[in-house]
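Summary of the model geometry
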Amino acid sequence: MTVSVAFEKARAEGRAALVGYLPAGFPSVAEGIAAVKAMIESGVDLVEIGLPYSDPVMDGPVIQRATEQALAGGVRTRDVLHTVEAVSGAGVPVLIMSYWNPIEKYGVDAFARDLAAAGGSGLITPDLIPDEAEEWLAASDAYQLDRIFLVSPSSTDERIAMTVAHCRGFVYATAVMGVTGARDSTSSAAPTLVSRVKAAAGNLPVGVGLGVRSGAQAAEVGAYADGVIVGSALVSALADGGLPALRTLTQDLRSGLTA
Amino acid sequence: MLPDDRGHFGPYGGRFVPEALIAALDELDAHYRKAMADPEFTGEFERMLREYAGTPSLLYDATHLSAHVGDVRILLKREDLNHTGAHKVRNVLGQALLTKRMGKGRVIAETGAGQHGVASATAAAYLDLECVVYMGEVDTKRQALNVARMKMLGATVIPVTTGSRTLKDAINEALRDWVTNVDDTHYLLGTAAGPHPFPAMVRDFVRGIGVEARAQCLALTGALPDAVAACVGGGSNAIGMFHAFVPDESVRLYGFEAGGDGIETGRHAASITGGSHGVLHGSRSYLLQDEDGQTIESHSISAGLDYPSVGPEHAWLHDQGRARYQPVTDAEAMDAFALLCRTEGIIPAIESAHALAGMLREIPALRAELGHEPTVIVNLSGRGDKDMHTAGEYFGLFDSGEVIG
Ligand SMILES: Cc1ncc(COP(=O)(O)O)c(C=O)c1O
């Protein structure tokens with residue numbers, strides 16, 4: 001299933017799509033694959049697989065610790081692609097979320113080719129802006145991959161328009177100024193940002209990330225966004241309570257959107 | 001004139017950062033360009049450098065050292081005599097003054113050994129700014145004295161406990177703070193690296209080193225030097241020394257990287273001579289990385305050179321063949337450290353000792369290339385007080401366990 005079909009399906013059901021993030025290789029490659037499958041069975045509409053990186057400047061402590069552990073366990077880029085391959089048949093689109101250097105090192109075209117071959121739908125690039133993305137724009141076109149760039153509350157209208165014009169699949173709106181991590185209250189800046197993005201995005205879905213950790217918060221965000229992106233809370237659930245806790249939280253998030 | 005509008009030096013530089021920081025980088029770029037064209041700003045910057053930091057620093061004719069080496073005239077650019085003991089005061093005063101101009105009240109900085117942290121805390125105290133310094137937990141323990149200095153100056157020091165708990169992780173943490181508090185905070189980056197406009201802006205704040213040295217050398221010797229040399233960590237003192245000389249084709253530019261135990265051992269900090277192309281901390285350059293693009297930890301006896309990447313302008317000067325980059329091992333640097341102490345009565349920073357060691361090694365080849373006695377300028381980027389613990393251990397000057405900090 002493609003990213004846009006997944007969003008359409010949720011839209012047809014009158015709800016926002018649930019986008020779940022987990023890093024590959026956490027706590028191990030095999031257990032990470034099992035965790036993504038559990039998340040899919042429990043109701044996520046799209047999956048983001050994080051590629052663990054030594055210098056994750058956009059991430060807060062929870063994801064930092066998980067990806068550090070994955071790297072200490074020896075996870076390699078090819079294990080991340082293997083994880084995509086292992087879960088891409090489960091009926092939801094699978095994206096990789098990665099800092100730029102590991103992809104540049106792999107070879108941008110080679111990475112796009114292997115991601116497409118593994119059944120991946122595309123790539124989310126937290127530290128690559130369209131201004132620097134020439135090679136990735138060409139490779140994603142060549143292998144028909146979705147490319148998701150980020151917009152933020154500090155983005156000007158011109159930058160939002162430019163960024164949205166380069167996105168395919170959806171637009172990733174980082175709702176708060178800051179790093180990833182669950183927060184007690186979701187950001188008040190988010191609805192404003194989403195309406196600014198929607199004004200530029202036309203039909204392209206807008207996903208909102210950073211901070212969501214409960215069904216109630218998901219419902220709040222789902223009221224104005226097309227997709228609710230959850231990362232740190234899922235990683236914490238998996239780290240602290242294993243697959244049962246991960247399933248429970250995923251179901252709670254999903255029911256927040258369905259209710 | 002490089003970089004281009006988007007901060008590119010050929011294929012290097014640019015901005016590889018979260019979109020959330022782009023507005024702040026654009027704002028910084030606009031303010032810095034305007035400030036550099038405003039005589040009020042440049043006048044105040046020059047006044048602070050002169051009256052507070054003690055520049056222009058001397059260009060010292062090192063006759064004892066030159067006689068010891070033989071058939072060479074070595075001139076030392078005495079950045080070690082600046083307030084706070086290094087070239088870094090130029091950069092921090094420039095950025096702190098710009099912070100005031102932007103109407104921001106808080107600066108954050110990263111530090112490895114603590115030199116840039118101390119310099120930042122100094123500038124913040126002088127210009128009445130709140131200052132937070134991120135420092136790897138490992139480094140706070142190795143450099144307790146510098147932590148105390150920063151605290152005396154009113155800064156808050158936050159130990160960083162993620163990743164390798166050293167300089168590169170302190171930069172990550174500073175970037176995380178910046179992305180969260182960008183409205184009222186300036187990130188006072190300590191070297192000529194990072195996303196645009198930092199490499200160009202830091203260069204412009206430290207370029208006085210080369211401008212002064214060029215004029216001083218002409219006045220002293222009646223000619224340009226045959227070569228200038230500097231150590232290269234992130235690249236600020238080297239680009240500060242090189243910049244004014246880049247158009248002078250007869251002047252050879254030498255950048256000496258930290259070779260640690262030797263490039264072949266893998267334990268070094270030589271990004272250009274022992275690394276490969278990639279992206280780290282916001283720009284494309286050379287860096288130390290594994291097959292998967294994960295950053296490899298660097299190693300050097302000198303904390304200030306212990307960084308796994310290098311500013312993009314150096315990557316460009318290297319590829320153009322305009323500057324020559326070579327590694328200098330810990331052992332070579334410490335030999336030069338001792339030599340300068342004994343011949344001139346100057347205790348240099350271990351970073352600066354790398355520049356001296358590399359230049360001394362290259363003098364015979366340079367003499368042969370020129371066919372006459374060379375005149376060379378070595379940038380003495382800092383003084384060695386901060387390194388006495390390391391030097392004392394290296395040369396066995398302490399009774400066991402007597403000295404701490
Ligand atoms: C005295 C001295 N020289 C050189 C350096 C290296 O930095 P850069 O390469 O930016 O000049 C440092 C860094 O702490 C330093 O303290």
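Residues numbered from 1 in each chain as written. Chains lettered and ligands numbered in written order. Predicted model: local features only at pLDDT ≥ 70, side-chain atom pairs only at ≥ 80, totals over all residues. Heavy atoms only, no water.

Under an unreviewed UniProt entry, the name given to chain B is Tryptophan synthase beta chain, and the organism recorded is Catellatospora coxensis. Listed under Pathway (unreviewed entry) in UniProt, the entry text for chain B is "Amino-acid biosynthesis; L-tryptophan biosynthesis; L-tryptophan from chorismate: step 5/5." (UniProt positions renumbered as here; feature names shortened; annotations may be inferred.)

As annotated in an unreviewed UniProt entry, chain A carries the name Tryptophan synthase alpha chain and comes from Catellatospora coxensis. What UniProt states about chain A under its Subunit (unreviewed entry) heading is, verbatim, "Tetramer of two alpha and two beta chains."

Side note on the sheet that holds strand 13 (residues 323-329) of chain B
Residues and elements named next belong to chain B. Taken in spatial order, the 6 strands line up as 3-4-14-9-10-13 in an open sheet, and their pairing is mixed. Two strands close off the open sheet at either side, each with one partner strand: strand 3 (59-61) and strand 13. This sheet shows a mean twist of 30 degrees between the axes of neighbouring strands, independent of strand direction. Where strand 3 lies against strand 4 (residues 73-78), 3 bridges are found, and the strand directions are antiparallel. Bridge pairing in strand 4 places Tyr60 opposite Leu76. (Pairing = 2+ DSSP bridges. Helix = DSSP H or I, 4+ residues; strand = E, 2+ residues; numbered from the N terminus. Axes fitted to C-alpha atoms, helices over the stretch in contact; angles between N-to-C directions.)

A short note on the interface of chain B and chain A
How big an interface is tends to be expressed through the accessible area that disappears when the partners come together. Each partner contributes to the interface: chain B provides 35 residues, whereas chain A provides 35 residues. When chain B packs against chain A, close to 2,900 Å² is buried across both sides, 46% of that on carbon and sulfur atoms. Per-residue buried area on chain B facing chain A is highest for Glu19(B), Arg176(B) and Asp292(B); these three make up 25% of the total on that side. One can count 5 salt bridges joining chain B with chain A. The partner of Glu291(B) in a salt bridge is Arg76(A), and the shortest N-O contact between them spans 3.6 Å. (Contact = heavy atoms within 4.5 Å. Buried area = accessible area lost by both parts, 1.4 Å probe. Salt bridge = Lys/Arg side-chain N within 4 Å of Asp/Glu carboxyl O.)

What to know about the sheet that holds strand 7 (residues 156-160) of chain B
Residue and element names in this part refer to chain B. In spatial order, the strands read 7-6-5-8; together these 4 strands make up an open sheet with parallel pairing. A single partner strand is all that each edge strand has here, and the edge strands are strand 7 and strand 8 (185-187). Taken over all neighbouring pairs, the strand axes of this sheet differ in orientation by 25 degrees on average, direction set aside. Direction of pairing for strand 5 (residues 106-111) relative to strand 6 (residues 130-136): parallel, over a ladder of 6 bridges. Paired with Ala109 across the two strands is Val133, which belongs to strand 6. Of the strands in this sheet, strand 5, strand 6, strand 7 and strand 8 are in contact with helix 8 (residues 167-181), which crosses strand 5 at around 160 degrees.

Quick word on the packing of aromatic side chains
Summed over the entire model, instances satisfying the criterion amount to 15 aromatic pairs over all chains. Between the aromatic rings of Phe41(B) and Phe45(B), the centroid separation amounts to 6.5 Å while the plane-to-plane angle is 25 degrees, which identifies the pairing as stacked. Of this pair, Phe41(B) and Phe45(B) both sit in helix 2 (residues 39-53), 4 residues apart, roughly one helical turn. Both residues of the pair, Phe41(B) and Phe45(B), belong to the buried class. What links up through ring pairs into an aromatic cluster is the set Phe7(A), Phe170(A) and Tyr172(A). Here the guanidinium or amino end of Arg78(B) rests over the ring plane of Tyr60(B), the centre of that ring lying 6.0 Å away. (Phe/Tyr/Trp six-rings, centres within 6.5 Å; stacked < 30°, edge-to-face > 60°. Buried < 20%, exposed > 50% of the residue type's maximum accessible area, 1.4 Å probe, protein only. Lys NZ or Arg CZ within 6 Å of the ring centre and 35° of its normal.)

Focus on the side chain of His8(B)
Along the chain, the position of His8(B) falls in strand 1 (residues 8-9). Reaching out from His8(B), the side chain makes a polar contact with the side chain of Glu132(A) at a distance of 3.0 Å. (Polar contact = N/O pair within 3.5 Å; in protein donor to acceptor, adjacent residues only side chain to side chain.)

Digging into the site of the ligand
Residues and elements named next belong to chain B. Near the ligand you find 17 residues, and of these Thr191, Gly233, Gly235, Ser236 and Ser381 are the closest. One nitrogen or oxygen atom from the side chain of Lys88 is found 3.5 Å from an oxygen atom belonging to the ligand. In the model, an oxygen atom of the ligand is placed 2.5 Å from a nitrogen or oxygen of the Thr191 side chain. When the ligand is considered free in solution it has 390 Å² of accessible area, and contact with the protein chains removes 96% of it. Contributing elements (two or more residues each) for the shell around the ligand: strand 9 (227-232) and helix 11 (236-242). Classifying every residue of the shell around the ligand gives 4 nonpolar, 11 polar and 2 charged. Three or more residues apiece are contributed to the shell around the ligand by two domains, here domain 1 (8-50 + 88-202) and domain 2 (54-85 + 207-394). (Near = heavy atom within 4 Å. Areas by Shrake-Rupley, 256 points an atom, 1.4 Å probe, with all protein chains shown as cover. Nonpolar A, V, L, I, M, F, W, Y, C, P; charged D, E, K, R; others polar. Domains from an automatic or database assignment.)

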